[in-house]
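Here are the chains, one letter per residue:
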Amino acid sequence: MDHTYIKVKSFNFNKAFRVEFERNYKEVKFYTRGFLAFGREVLYAHFYHTQINYYALLKAIPKNKLEEKDSLYISRFFSELSDCSICGYKAVFLDECHYCKNTQWDSTNKARWPNTFYEIEYDYIKESQMDWILDADGSRKLRAAEKLFEQSTNHEILFTQEELSQYAKEQEEL
């Protein structure tokens, strides 16, 4: 996972004359033309959804740099976010949390559900919450600095401190 932080405020959108999205808006490329490119179009910058504040970058792209379909998608994305039962942020779009990167429980479509290990939603959410809290790679701490997604007011933690300690011990043994 790429934990780089995009410096959105210092990114020069004026240099880019074309913005291109790939992989269902999980990558964005900015293109420029100029003296060093001898008039040809060249890649100016390339960012991925795994970068900590990728969604802040999407929000900051000037509307005049986007095609209408891209502008509509980004607007729809931010207006239709829902609460994540795992991390407690309003960051879920199309069953994926764009804050903690977890897939939401889908009891209506077992064939699409990515993990058949869990029989009930409660168990999945509880274990995912503990994984999120323990977050060995530190992305949770980095994401906390990002104020783009708002925290849910009705988020419920499903484990006790004792359960978390036991789970952490079990994970270390693996």
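So, a few notes on the structure that sits alongside this text. From a predicted model like this one, the values you see are computed outputs, not experimental measurements.

## Remarks on the overall build of the chain
Part 1 of the argument: Scanning the chain from terminus to terminus reveals five helices and six strands.
Part 2 of the argument: Seen in sequence order, the chain has helices and strands lined up from the N terminus as β-β-β-α-α-β-β-β-α-α-α.
Part 3 of the argument: In the form shown here, the chain has an accessible surface area of approximately 10700 Å², with 51% of it arising from carbon and sulfur atoms.

## Quick word on the sheet that holds strand β3 (residues 41–48)
Part 1 of the argument: As summarised here, the arrangement of the three strands in space is β1-β2-β3, forming an open sheet in which the pairing is antiparallel. Bordering the open sheet on either side are β1 (18–22) and β3, each of which pairs with just one other strand. If you compare each strand with its neighbour and ignore which way they point, the axes differ by 25 degrees on average.
Part 2 of the argument: Both β1 and strand β2 (residues 27–33) contribute to a ladder of five bridges, which runs antiparallel. Bridging across to β2, E20 finds its partner in K29.

## Re the sheet that holds strand β5 (residues 90–93)
Part 1 of the argument: Taken together, the three strands give an open sheet; going across it, the order is β4-β5-β6, and neighbouring strands pair in antiparallel fashion. Single-partner strands in this sheet number two, and they are β4 (82–83) and β6 (96–97).
Part 2 of the argument: In terms of strand pairing, β5 meets β6 through two bridges, oriented antiparallel. Counterpart to F93 in the pairing with β6 is E96.

## Considering the pairing of β2
Part 1 of the argument: Counting buried positions along β2 yields six of seven residues, so the element is predominantly enclosed.
Part 2 of the argument: With seven bridges connecting them, β2 and β3 associate as antiparallel partners. Its bridge partner being in β3, K29 is matched across the sheet by H46.

## Topic: the nonpolar core
Part 1 of the argument: Membership of the largest hydrophobic core comes to 42 residues, with the highest contact counts inside it found for F21, V28, F30, F47 and I61.
Part 2 of the argument: Of all the secondary-structure elements, those providing two or more residues to this core are β1, β2, β3, α1 (54–60), α2 (68–79), β5 and α3 (121–134).
Part 3 of the argument: The dominant element in this core, judged by the number of residues it contributes, is α1, at five residues.
Part 4 of the argument: Residues within four places of F30 in sequence aside, it is in contact with F11, F13, A16, R18, V19, V42, L43, Y44, A45, F47, L57 and I61.

## Quick look at α2
Note: α-helices contain 3.6 residues per turn, so residues at a spacing of three or four share the same orientation.
Part 1 of the argument: An ideal rise of 1.5 Å per residue puts 16 Å on twelve residues; α2 measures up with 16 Å between its terminal C-alpha atoms.
Part 2 of the argument: Taken together, the buried positions of α2 are occupied by D70, S71, Y73, I74, F77 and F78. Down the axis, α2 shows its buried residues gathered within 160 degrees of arc, on one side only. Among the exposed residues of α2, those pointing more than 90 degrees away from its buried face are E68, K69, L72 and S79.

## Some words on α3
Part 1 of the argument: Between the first and last C-alpha of α3 there are 20 Å, a value that for 14 residues agrees with the 20 Å anticipated at 1.5 Å per step.
Part 2 of the argument: Residues of α3 that are buried include every one of Y124, I125, K126, S128, Q129, M130 and W132, and no others.

## Some details on the packing of aromatic side chains
Part 1 of the argument: Summed over all chains, the structure comprises 18 aromatic pairs.
Part 2 of the argument: The rings of F21, Y25, Y54, Y55, Y73, F77, F78, Y89, F93, Y99, W132 and F149 are connected pair by pair, giving a single aromatic cluster.
Part 3 of the argument: When the ring centre of Y31 is taken as origin, the NZ or CZ atom of R18, which lies over that ring, is 4.2 Å away.
Part 4 of the argument: Taking the ring centre of F78 as reference, the NZ or CZ of K59 above it sits at 4.9 Å.

So, how was this worked out
- Residues numbered from 1 in each chain as written.
- Predicted model: local features only at pLDDT ≥ 70, side-chain atom pairs only at ≥ 80, totals over all residues.
- Heavy atoms only, no water.
- Helix = DSSP H or I, 4+ residues; strand = E, 2+ residues; numbered from the N terminus.
- Areas by Shrake-Rupley, 256 points an atom, 1.4 Å probe, with all protein chains shown as cover.
- Pairing = 2+ DSSP bridges.
- Axes fitted to C-alpha atoms, helices over the stretch in contact; angles between N-to-C directions.
- Buried < 20%, exposed > 50% of the residue type's maximum accessible area, 1.4 Å probe, protein only.
- Core = buried A, V, L, I, M, F, W, Y, C linked by side-chain atoms within 4.5 Å.
- Contact = heavy atoms within 4.5 Å.
- Expected span 1.5 Å × (residues − 1).
- Arc of directions from axis to C-beta.
- Phe/Tyr/Trp six-rings, centres within 6.5 Å; stacked < 30°, edge-to-face > 60°.
- Lys NZ or Arg CZ within 6 Å of the ring centre and 35° of its normal.

None of this, on its own, says anything about what the molecule does.
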